Amino acid sequence: MRPSGRFRAAAVTLPLLLAAVGCQAAGPAAEPDARTASPTGKPVFAERLRDQLNAASRATVASGSARFTATLTYGSAAGDAVERTTGVLDYAKDTARVERTVTVPRGFPEKAATQDLGRVPGATAREQYAVDENDVSYRTPGGTWLRYSASGSKEFTDTVSDVLEYAGENDPWGHTLAEVVRHTDPERNPEKKGDGGRRYEVPVRASSAAGALPNGVALHLDPRSADEVTLTVDLDKDGRLVRAAADFRPVLGTLHANGALGGVTSLRAEYVLTDHGRTTVPPVPAGERSRTPSGPPPPWRR
């Protein structure tokens, strides 16, 4: 979690959120200058190989804004449970407006659903969030926004630390592969794509990539372990992040042995960015109800 900041805006209603996710700013957007985002002032692909993904993260932030989709897919014999988070990011203002949908099919392993995903097999949950700098708001089914401020007392912030972690360390919305990419050092030259972009295949420690997983799952991966997963990263011709994916199948055995995700046969994470510099986070509507909660929102599973 980033250093504490002041909460500036509570949230946005679902219609406005969906409109923001689908809209583009009027008129053509200026192309970002990726050179200014590189640590040494070079274009991203002119950086030394091991620095290119860090430089790409800087170039992505320099674009100003983006639309994103983060997906976690848990495979089982009964079908896939899917957590899909979509929204808009404003890097300059450090704000995000987000909707998350979690679908768990009937017959999905019950313990994995309830213990690790915090869900009931056969159910679909929809949630809305807003991030303003270091503070996170959650919209209850009744329409009231619960405002979690990082500037609260230490006792309170410790209680809701998992909620506050959604204010990412580097991106407005956390717990995605974007934060894994920033700290990844490729050692093999990327594949050059027809559109001028690049594709990297990078082995990373599973415990590092687990930042994109729920905390209740990630804690079952030993940070001292040498277990690895393969991270695939796509950059566009300007060196900006457009996609990252990780297949956690190699560590399912470890997770099962530690009592997590029993009956789950595959686990994949994906992060996609589009409309760099062409999206806007909508203004906060007046009159939205909000309150300061005393604990995490129910049900909570991070």
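This text follows the structure it describes.
Caption draft 1: Up close: the side chain of T184. Within the fold, T184 resides in the loop between α6 (177-182) and β7 (191-192). Residue classification places T184 among the buried positions, given a relative accessible area of 4%. At 2.7 Å, the side chain of T184 forms a polar contact with the backbone oxygen of V180. T184 has contacts with R50, L53, V202, V204 and L231, leaving out every residue within four places of it along the chain.

Caption draft 2: Looking closely at helix α2 (residues 52-62). Along α2, the residues that are buried comprise Q52, L53, A55, A56, S57, A59 and T60. Those residues of α2 that are buried are in contact with α6, β8 (198-205), β9 (228-235), β10 (241-247) and β11 (266-274). Looking one or two residues past α2, G64 carries a phi angle of roughly 100 degrees, positive in sign.

Caption draft 3: The arrangement of the pairing of strand β2 (residues 81-90) in detail. Among the 10 residues that make up β2, 8 are buried, leaving the element largely enclosed by the rest of the structure. Note that strand β1 (residues 65-75) and β2 share 10 bridges and pair antiparallel. Considered in β2, the bridge of A66 is made with L89. In terms of strand pairing, β2 meets strand β3 (residues 95-103) through 9 bridges, oriented antiparallel.

Caption draft 4: Structural context of the nonpolar core. One finds Y74, F108, W173, L177, F248, L255 and Y271 to be the most contacted residues of the largest nonpolar core, which totals 69 residues. Here this core takes 5 residues from β1, the largest share from any one element. Setting aside anything within four residues of it in sequence, one finds Y271 in contact with F68, T69, A70, L89, D171, T176, L177, A178, L241, V242, R243 and A244.

Caption draft 5: How the structure looks around the sheet that holds strand β6 (residues 145-148). The sheet built from 12 strands is open, its strands ordered β7-β8-β9-β10-β11-β1-β2-β3-β4-β5-β6-β12 with mixed pairing. Each of the sheet's edge strands pairs with one partner strand only, and the pair in question is β7 and β12 (290-291). Examined bridge by bridge, strand β5 (residues 135-139) and β6 share 4 bridges and lie antiparallel to one another. Along β6, the bridge assignment pairs S137 with R147.

Rules used in this analysis
- Positions within a chain are numbered from 1, following the residues in the order the chain's sequence is written.
- A pLDDT threshold of at least 70 governs which residues receive local features in this predicted model, and a stricter bar of 80 or more applies before side-chain atom pairs are shown or counted, although totals over entire chains, interfaces and linings include all residues.
- To obtain the side-chain values, all non-hydrogen atoms of the structure were included, while hydrogens and water were left out.
- Secondary structure follows DSSP: runs of H or I at least 4 residues long count as helices, runs of E at least 2 residues long count as strands, and numbering of each begins at the N terminus.
- With a 1.4 Å probe rolled over the protein chains alone, any residue whose accessible area is under 20% of its type maximum counts as buried; one over 50% counts as exposed, and the rest are partly exposed.
- Identification of polar contacts relies on pairs of N or O atoms within 3.5 Å, with a donor-acceptor requirement for protein atoms, meaning one able to donate a hydrogen and the other able to accept it, and with residues adjacent in sequence counted only if both atoms are side-chain atoms.
- By definition in these notes, contact holds between two residues if any of their heavy atoms fall within 4.5 Å.
- Being paired, for any two strands, means DSSP has found at least two bridges between them.
- Each nonpolar core is a collection of buried residues, namely Ala, Val, Leu, Ile, Met, Phe, Trp, Tyr and Cys, held together in the definition by side-chain atoms within 4.5 Å.

Function cannot be inferred from these measures alone, as they are strictly geometric.
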